[in-house]
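# Summary of structural features
If you want the building blocks of each chain, they are given just below.
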Amino acid sequence: MAWFRKPKQPLRSADKRDLPSEIFKKCNGCGELVYRERLAQNAQVCPECGFHSRIPPEQYLTLLLDAGSFVERETNLHSLDLLEFHDLKPYRERLAAAEQKLGRRDSVVVGDGVVDGIPVCIAVMDFRFLGGSMGSVVGEKVARTIRRALELRRPLIIVSASGGARMQEGIYSLMQLAKTSSALARLHEAGIPFISVITDPTTGGTTASFAMLGDVHLAEPGALIGFAGPRVIEETIKQALPKGFQRSEFLREHGMVDRVVDRRELKQTLVLLLRHMWTGWDEEA
Amino acid sequence: MATPLHLEFERDIVELQKQIDALLRSAEEKGIDVSSEVRVLGAKLEVLKVEIFQNLTPLEQVHVARHPRRPHTLDYVSRLFTDWVELSGDRTFRDDGAVVGGWARLNGDSIMVVGHQKGRDMKANLKRNFGSPHPEGYRKSLRLMYLAEKFRRPVVTFIDTPGAYPGVGAEERGQAEAIARNIREMARLRIPVVSVVIGEGGSGGALAIGVGNRILMLEHAIYSVISPEGCAAILWRTAAEREKAARALKLTSSELFKRGIADEIILEPPGGAHADWDETGQRVKEALMRHLDELKTMEPEALVRDRQAKFEAIGEWAEED
């Protein structure tokens, strides 16, 4: 037994673990502890590894729109429980809990805004609200936003984050795919740009409708984007899925997404695209 | 004919049918007259069929919609139409056997038919992928619908799918994009479009060929945002609760009609569509002709407006502070 052996020092990370979580946040990408303030300065993108943490609609509106330009619309709509759906919990209770927790009435925020001087109509989904699922209210708010873009002749931006159709609204939720896509058919014919920004995660009926109907598709790095969820596919084919399957980069390689864009460069990219596709906006303004 | 498969709740019907068959056989062997007995049993059988099929639970309806003996798209094609010319391929990747399409004549008029196609045995199902299309199936559908539009012919679609296929290749080739594009493009077709749900209306995979001016449903067909099994697995955390999920999803034809999504229910013969393919076909044909006659009088712009207004009106919400 050595008398003078240096007592083993606990690993440095043990100190880190004691650091107050209000100052640091562990990155889900690289595991490093990052100053919350630095994360905030980087739009919740890890400055070490570039991992994009999910952010709520308000942050996207701040990030993408000119300061103070956002005017929220269609705030009065809220979901009904037409099927009186009751699984392990009644749908009404799930709705009320989400409303209470998030202080909004459904999983999408819509309105008007300005992007570097260009007036746009915008919708941003909130994955935290029942998984960003699309029921009647989401379908109607998105459809109204599309119609407004058509009426005012303003480019449309939709930031998606959604698990797909809302099962608790049954066939009504499925038909929201048709409602939103039908309105987009007219926007398409009117020659008004629609840029679809796809964030983590976007699957199911949301991908199988407006998220995949943009003139240009931008995706945040590493976002899960697909039709079927990875678990459903694994269960169907009885095989493990390859690494990176259904991530933004995979979709870009397979031709479903135009560009994978770092969140911090999203606005700049939107501006460039809008100026290419939307000539004449300033004459009309 | 393949072995007549039947569902659990059809057992009494099958038993009674066997009795009648046995009676007829022995009568023939022994040369005796059993016509009055057969008449009585036959009447009893009809009553039984009606009784059983009028009181199906939602999950039983799902099973009837998936019945292995139920007529599929090509069974309707051969009964309803003449001059059938099947067309293949999406001109991009391959031909998808889960979707069939082509020119046909309905009562003398040229139409374009597109439908999901299920198989009845293992070999056919390998070719048909159990009626679950890949993106190329949807792209083929759209190609054929554009063809119909080019030559100003109406489109009739037959919906019968468990859903779009969830697989690696399907995702790589853009399952979601293919469905989304079909939905948007169907919304702007300048020709009449009538969709008939003949069996399973499985979510986005069904809607991708279902944006019609009219949606007709066979009595025992279903239309749902997710299968009862899938819904139960997610919301009840076990697929065993499919009975509850089937009830909760309100996926039967009567529910869809009540909610204004299905425009008409086509009643099935006693014992379901699988009991009498010809009679079912006749009823579908009659309904199709009636709806197409109405739509034929409409201008292209009016058809587009009608279809868009129909789908954009679906949904229920409250609007107050």
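All figures in this text were calculated on a predicted structure; none of them were measured in a lab.

All names here are of chain B. Tallied over the full model, the rule gives 6 aromatic pairs over all chains. Aromatic pair Tyr76 and Phe158: ring centres 5.6 Å apart, planes at 10°, arrangement stacked. Taken as a pair, Tyr76 in helix H4 (residues 73–80) and Phe158 in strand E4 (residues 155–161) lie far apart in primary sequence, 82 residues in all. Here the two residues Tyr76 and Phe158 agree in accessibility, since each one is buried. Taken together, the ring pairs in this structure connect Tyr76, Phe81 and Phe158 into an aromatic cluster.

Picture the strands of a sheet paired through backbone hydrogen bonds; they go either parallel or antiparallel. Residues and elements named next belong to chain A. The sheet built from 7 strands is open, its strands ordered E3-E5-E6-E7-E8-E9-E10 with mixed pairing. Each edge of the sheet is formed by a strand with only one pairing partner; in this case those strands are strand E3 (71–73) and strand E10 (259–260). Looking at chain direction, E3 and strand E5 (residues 108–115) are connected through 3 bridges and run antiparallel. The residue of E5 that forms the bridge with Val71 is Asp112. In the packing of helix H3 (residues 57–64) onto the sheet, contacts are made with E5, strand E6 (118–125), strand E7 (156–162) and strand E8 (194–202), and the angle to E6 comes to roughly 160°.

Before going further, it helps to examine helix H10 (residues 228–236) of chain B. Those residues of H10 of chain B that fall on the buried side of the exposure criterion are Pro228, Cys231, Ala232, Leu235 and Trp236 of chain B. Projected onto a plane normal to the axis of H10 of chain B, the buried residues spread over an arc of 100° and lie on a single side. Buried-residue contacts for H10 of chain B involve helix H4 (91–102) of chain A together with helix H3 (58–65) and helix H11 (242–249) of chain B. Directly beyond the C-terminal end of H10 of chain B, a positive phi value near 65° is found at Arg237 of chain B.

It is worth spelling out the domain arrangement of chain A at this point. All names here are of chain A. Under the domain assignment used here, chain A contains domain 1 (16–53) and domain 2 (55–278). Between the C-alpha centres of domain 1 and domain 2 there is a distance of 26 Å. Domain 1 puts 6 residues into the contact, and the matching count from domain 2 is 9 residues. Of the roughly 640 Å² buried between domain 1 and domain 2 on both sides combined, carbon and sulfur atoms contribute 54%. A per-residue breakdown of the area domain 1 buries against domain 2 is headed by Ala43, His52 and Ser53, which together make up 65% of the total.

So, about the interface of chain B and chain A. Listed as interface residues are 49 residues of chain B and, on the opposing side, 57 residues of chain A. For the pair chain B and chain A, the summed buried area comes to about 4800 Å², and 68% of that belongs to carbon and sulfur atoms. On the chain B side of the interface with chain A, the three residues burying the most area are Arg184, Glu312 and Trp317 of chain B, jointly 15% of the side's total. Viewed at the interface, chain A and chain B are joined by 4 salt bridges. Linking Arg147 of chain A and Glu312 of chain B is a salt bridge whose minimum nitrogen-to-oxygen distance equals 2.9 Å. When contributions to the side of chain B that touches chain A are tallied by element, the ones reaching two or more residues are helix H7 (168–172), helix H8 (175–186), helix H9 (203–207), strand E7 (222–224), H10, H11, helix H14 (300–312) and strand E9 (317–319) of chain B. With 8 residues, the top contributor of residues to the side of chain B that touches chain A is H8 of chain B.

About the criteria used
- Residues numbered from 1 in each chain as written.
- Chains lettered and ligands numbered in written order.
- Predicted model: local features only at pLDDT ≥ 70, side-chain atom pairs only at ≥ 80, totals over all residues.
- Heavy atoms only, no water.
- Phe/Tyr/Trp six-rings, centres within 6.5 Å; stacked < 30°, edge-to-face > 60°.
- Helix = DSSP H or I, 4+ residues; strand = E, 2+ residues; numbered from the N terminus.
- Buried < 20%, exposed > 50% of the residue type's maximum accessible area, 1.4 Å probe, protein only.
- Pairing = 2+ DSSP bridges.
- Contact = heavy atoms within 4.5 Å.
- Axes fitted to C-alpha atoms, helices over the stretch in contact; angles between N-to-C directions.
- Arc of directions from axis to C-beta.
- Domains from an automatic or database assignment.
- Buried area = accessible area lost by both parts, 1.4 Å probe.
- Salt bridge = Lys/Arg side-chain N within 4 Å of Asp/Glu carboxyl O.

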